[in-house]
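# A structural walkthrough
In case you want the letters, here they are:
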Amino acid sequence: MSSKFCDLWKFDLQTNKFEQIEVLNQPIARSHHSSIVFKDYIVVFGGIKAKNHELNDMIMIDLKSEFKTWKSIWPDSQSENNATFLQNKSKLYDTSLST
């Protein structure tokens, strides 16, 4: 049985240590998702909650916000996908090969 977590951590390259980021709300724990960092945001795309339970969402968090919260920004993504960030544009492309 595998476990999924929904905690958020940052890694300090100077100290080589992890520090947990406190978040006011938690998204659904997931695996097989894609994520990108754009400016001060982390965007998470799709994923799988449990066997045969694909998530249909895109969520983001503002890392510079004093009170960090996950926000839903798109309800119709797919699981097992890849986020691609091209030419400093804030566009997300689904590059999955599923039919």
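Residues numbered from 1 in each chain as written. Predicted model: local features only at pLDDT ≥ 70, side-chain atom pairs only at ≥ 80, totals over all residues. Heavy atoms only, no water.

What follows concerns the environment of glycine 46. Note that glycine 46 resides in the loop between β4 (41-45) and β5 (48-50). Judged by relative accessible area, which is 0%, glycine 46 ranks as buried. Once the C-alpha coordinates of glycine 46 and serine 35 are considered, the two residues, 11 residues apart in sequence, prove to be 9.0 Å apart. (Helix = DSSP H or I, 4+ residues; strand = E, 2+ residues; numbered from the N terminus. Buried < 20%, exposed > 50% of the residue type's maximum accessible area, 1.4 Å probe, protein only.)

Attention now goes to the confidence of the model for the protein. In low-pLDDT regions, the fine details of the predicted coordinates are not to be read closely. Averaged over every residue, the pLDDT of the protein is 80; the share at 70 or more is 74%. Note that pLDDT drops below 50 for residues 95-99; the model gives that stretch 6 contacts with residues more than four away or on any other chain. (pLDDT = per-residue confidence, 0-100. Contact = heavy atoms within 4.5 Å.)

This part takes up the pairing of strand β1 (residues 8-12). The pairing of β1 with strand β2 (residues 17-21) spans 5 bridges and is classified as antiparallel. Each residue of the ladder has a partner; that of tryptophan 9, found in β2, is glutamine 20. Where β1 hands over to β2, the hairpin turn is made up of 4 residues, of which asparagine 16 adopts a positive phi near 55°. (Pairing = 2+ DSSP bridges.)

By the definition in use, this model includes 2 aromatic pairs. An angle of 55° between the planes, with centres 4.8 Å apart, marks the rings of phenylalanine 11 and phenylalanine 18 as tilted. Residue class for phenylalanine 11 comes out partly exposed when judged on its relative accessible area of 38%. Between phenylalanine 45 and tryptophan 74, the aromatic rings sit 5.7 Å apart at their centres with planes inclined by 0°, giving stacked as the arrangement. One end of the pair, phenylalanine 45, is in strand β4; the other, tryptophan 74, is in strand β8 (residues 70-74), with 29 residues separating them in the sequence. (Phe/Tyr/Trp six-rings, centres within 6.5 Å; stacked < 30°, edge-to-face > 60°.)

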